[in-house]
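Inside the fold
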Amino acid sequence: MTSMKTIHVLFDSQHGQTMRIAQRIAQPLIAKGATVRVTPLQDYEQLRDLWSADCVILGGSIHDGYHSGPLMAFVERHRRKLEDTPVGFFSVSLSAGGTEGDREEAMGYMERFFEELDWRPAVRSIFAGALRYRQYSWVTRFMMKWIAKKRGIATDTKKNHEYTDWQAVERFVESCWGLACDASPVAEIEPGI
Ligand SMILES: Cc1cc2nc3c(=O)[nH]c(=O)nc-3n(C[C@H](O)[C@H](O)[C@H](O)COP(=O)(O)O)c2cc1C
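Overview of the structure. Quick caveat, the model's predicted, so the values are computed rather than measured.

Definitions and limits used
Residues numbered from 1 in each chain as written. Predicted model: local features only at pLDDT ≥ 70, side-chain atom pairs only at ≥ 80, totals over all residues. Helix = DSSP H or I, 4+ residues; strand = E, 2+ residues; numbered from the N terminus. Rg over C-alpha atoms; globule rule 2.2 N^0.38 Å. Pairing = 2+ DSSP bridges. Axes fitted to C-alpha atoms, helices over the stretch in contact; angles between N-to-C directions. Buried ≥ 20, exposed ≤ 12 C-beta atoms within 10 Å, placed from the backbone. Contact = placed C-beta atoms within 7 Å. Near = placed C-beta within 6 Å. Nonpolar A, V, L, I, M, F, W, Y, C, P; charged D, E, K, R; others polar. Domains from an automatic or database assignment.

Once that is clear, we can look at the overall build of the chain. Per the secondary structure count, the chain includes six helices and seven strands. Starting at the N terminus and ending at the C terminus, the chain contains elements arranged as β-α-β-β-α-α-β-α-β-β-α-β-α. Its C-alpha atoms give the chain a radius of gyration of 16 Å, within 12% of the compact-globule value 16 Å for 193 residues. Dimensions of the chain, computed from C-alpha atoms along their principal axes, come out at roughly 50 × 30 × 30 Å.

Turning to the sheet that holds strand β3 (residues 55–61), a few remarks are in order. In space, the five strands of this open sheet follow the order β2-β1-β3-β4-β5, with parallel pairing throughout. The strands lining the two open edges of the sheet, one partner per strand, are β2 (35–40) and β5 (123–128). Within the sheet, the average angular offset between the axes of one strand and its neighbour, ignoring direction, is 15 degrees. Of the strand pairs in this sheet, β3 and strand β4 (residues 87–93) are connected by six bridges, and their pairing is parallel. Opposite I57, over in β4, you have G88 as the bridge partner.

Here the focus is the environment of Y44. With respect to the helices and strands, Y44 occurs in the loop between β2 and β3. By the C-beta count within 10 Å, which is 17 here, Y44 ends up partly exposed. Between the alpha carbons of Y44 and A168 there is a distance of 26 Å; along the sequence they are 124 residues apart. With sequence-adjacent residues up to four places away left out, Y44 is seen in contact with L10, T39, L50 and F74.

To continue, consider the site of the ligand. Around the ligand sit 21 residues, and of these T18, S61, S93, S95 and G129 come closest. Elements represented by at least two residues in the shell around the ligand include exactly α1 (17–31), β4 and α5 (138–151). For the shell around the ligand, the per-class residue count stands at six nonpolar, 13 polar and two charged. When residues are assigned to domains, the shell around the ligand turns out to be shared by domain 1 (6–129 + 164–180) and domain 2 (132–163), each giving three or more.

Okay, here's the thing in structure tokens:
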């Protein structure tokens, strides 16, 4: 039997898809009896018990090939604590839902993030994000429609289009749960599956 686990999910989201994934990650963990708190990265300082958690799950999205400055600053600032805490990391991008080559690109974004920070969490995964046309400014909508057309994905800007593979998210959660329970990760997550 495992004692009550505390898990923090921190997310850095521009248009809401990483937030949606973070919220979804919490559900199976709560069902397992864990105490889970889902918090936007910008509010992390309000969390008193962040570094005593059994696992911290950290997620961010890719814009123009990079994770955000605040996410990078967070890892830089707390790298020592992150090294002492079981951490699952997920990276959300459109490339993660594309062809083999696209997924390699998405892995590359994440790997570069780790390399630049000289930090490597125990569990790592990439997830396909969404085209949230309804949340974009008209300039962004125009640009994303153009990119979508090139990629052969949805160009109907009247609605949002979600590409996240929720089963892949569930597998990631299982690995993070393994970390929280002090076992080795259930499995290293393969990119994009
Ligand atoms: C302005 C902009 C730039 C983006 N740049 C990239 C990119 O370089 N590579 C990629 O794979 N996805 C890119 N995306 C797609 C996002 O990663 C995707 O929409 C993701 O779901 C965003 O998550 P968020 O809503 O949590 O921020 C971009 C999206 C926007 C709006």
